[in-house]
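# Architecture at a glance
Single-letter residue listing:
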Amino acid sequence: DTGVSQNPRHKITKRGQNVTFRCDPISEHNRLYWYRQTLGQGPEFLTYFQNEAQLEKSRLLSDRFSAERPKGSFSTLEIQRTEQGDSAMYLCASSPGTVSDTQYFGPGTRLLVL
Amino acid sequence: RKEVEQDPGPFNVPEGATVAFNCTYSNSASQSFFWYRQDCRKEPKLLMSVYSSGNEDGRFTAQLNRASQYISLLIRDSKLSDSATYLCVVNLDTGGFKTIFGAGTRLFVKA
């Protein structure tokens, strides 16, 4: 399967714990995006990378959130001191970085903070 | 005002019906436009890109009106399998790049 993969698919954690999610994009895709989606809403943009450079961060990405893409391939999203409001689906997408820039999504990581 | 707005629906239509969704966007720096489909508890999947000249893919037709800042999606001869949430998506470049999703329009196609 050469699509976008995300791990884990589900995560249950207690408030205050740290969690880390991983995204493996489609190989040779330059751009990688992170989104958060809650019930009844569309995905909300969090951040994106062009190769290893993090070029844009949403105001939604508080200082408890950090994302990395150290070698321009896979990416990690870490949430520190989780809060119940962090419960959501975290989606990763990648794109080739062309003018049309079509994004392809992974299956997401569903986070539940108790 | 939301940057990308859609009628949340739901639209309940019989099989074979034609249904149209509209989406408006507020930022004139919007560069590229898409419709995505999302099934319940699944990831969004690209349905089609949207061009000013209009484009068609089988039963699906998308239109972009830059002057009025709206995008439309027309589905002809609806199938049960078309039941899903349809997301309007806009890429912005305002010195920084960002992708904005609408909240989605839910469609139920019934036999």
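Further up the page is the structure itself.
This section reports on the structure supplied with the text. Treat the numbers as computed from the prediction; the structure is a model and nothing was measured. (Residues numbered from 1 in each chain as written. Chains lettered and ligands numbered in written order. Predicted model: local features only at pLDDT ≥ 70, side-chain atom pairs only at ≥ 80, totals over all residues. Heavy atoms only, no water.)

### Topic: the overall build of chain B
This is how it is decided: By the criteria applied, helices consist of DSSP H or I runs no shorter than four residues and strands consist of E runs no shorter than two, each listed in order from the N terminus. Every radius of gyration here is taken over C-alpha atoms, with the globule rule written as 2.2 Å times N^0.38, N being the number of residues. Three labels apply to residues, based on accessible area from a 1.4 Å probe with only protein chains included: buried if under 20% of the type maximum, exposed if over 50%, partly exposed otherwise in between. Each accessible area value is a Shrake-Rupley result obtained with a 1.4 Å probe; residue values ignore everything except the protein chains displayed when judging cover. None of His or the chain ends enter the tally, which takes Lys and Arg as positive and Asp and Glu as negative. Note on charges: their place is set at NZ of Lys, CZ of Arg, CG of Asp or CD of Glu.
Regarding its fold elements, chain B presents zero helices and 11 strands. Traced from its N-terminal end to its C-terminal end, chain B shows the element sequence β-β-β-β-β-β-β-β-β-β-β. Taking 13 Å as the expected radius of gyration for a compact globule of 111 residues, we find that chain B reaches 14 Å, a close match to that expectation. On the principal axes, the C-alpha backbone points of chain B span a range of 50 × 30 × 20 Å. Counting all 111 residues of chain B, 47% fall into the buried class. By element, 47% of the accessible surface of chain B is carried by carbon and sulfur atoms, the whole surface being about 5,400 Å². In chain B, 13 side chains carry a positive charge and 11 a negative one; their mean positions are 4 Å apart.

### Some points on the nonpolar core
Residues and elements named next belong to chain B. Where we set the bar: Side-chain atoms within 4.5 Å link the members of a nonpolar core, which is a set of buried Ala, Val, Leu, Ile, Met, Phe, Trp, Tyr and Cys residues. We call two residues in contact when some of their heavy atoms are within 4.5 Å.
Ranked by internal contacts, the top residues of the largest apolar core, which has 25 residues, are F21, W35, I71, L73, I75, Y86 and L107. Per-element tally for this core: the top contributor is strand β9 (residues 84-93), with five residues. Those residues in contact with I75 that lie beyond four places of it in its chain are A17, T18, V19, F21, R59, F60, D82, Y86 and L107.

### Quick look at the state of the cysteines
Covalent bonding between the sulfur atoms of two cysteines is what defines a disulfide. What counts is decided by this rule: Any cysteine sulfur atom paired with another within 2.5 Å is treated as part of a disulfide.
On inspection of all chains with the given rule, the structure shows two disulfides over all chains. What pairs with C23(A) in a disulfide is C92(A), and their sulfur atoms sit 1.8 Å apart. Judged by the sign of its S-S torsion, about -65°, the bond between C23(A) and C92(A) is left-handed. Separated by 69 residues along the polypeptide, C23(A) in strand β3 (residues 19-24) and C92(A) in strand β9 (residues 88-95) bring together distant segments of the chain. Neither C23(A) nor C92(A) differs from the other in exposure class; each is buried. Here C23(B) connects covalently by a disulfide to C88(B), the sulfurs 2.0 Å from one another.

### Examining unusual backbone geometry
In this model, N7(A) is joined to P8(A) through a cis peptide bond whose omega is -10°. Here the bond from G9(B) into P10(B) is cis, since omega is 5°, no more than 30 degrees from zero. Locating P10(B) in the fold gives a position in the loop between β1 (4-6) and β2 (11-14). For N51(A), which is not glycine, the phi dihedral falls at a positive 55°. Note on placement: N51(A) falls in the loop between β5 (44-50) and β6 (53-57). One non-glycine residue, R81(A), lies in positive phi territory at about 50°. For R81(A), the position within the fold is in the loop between β8 (75-79) and β9.

Limitation: the analysis is restricted to geometry and does not speak to function.
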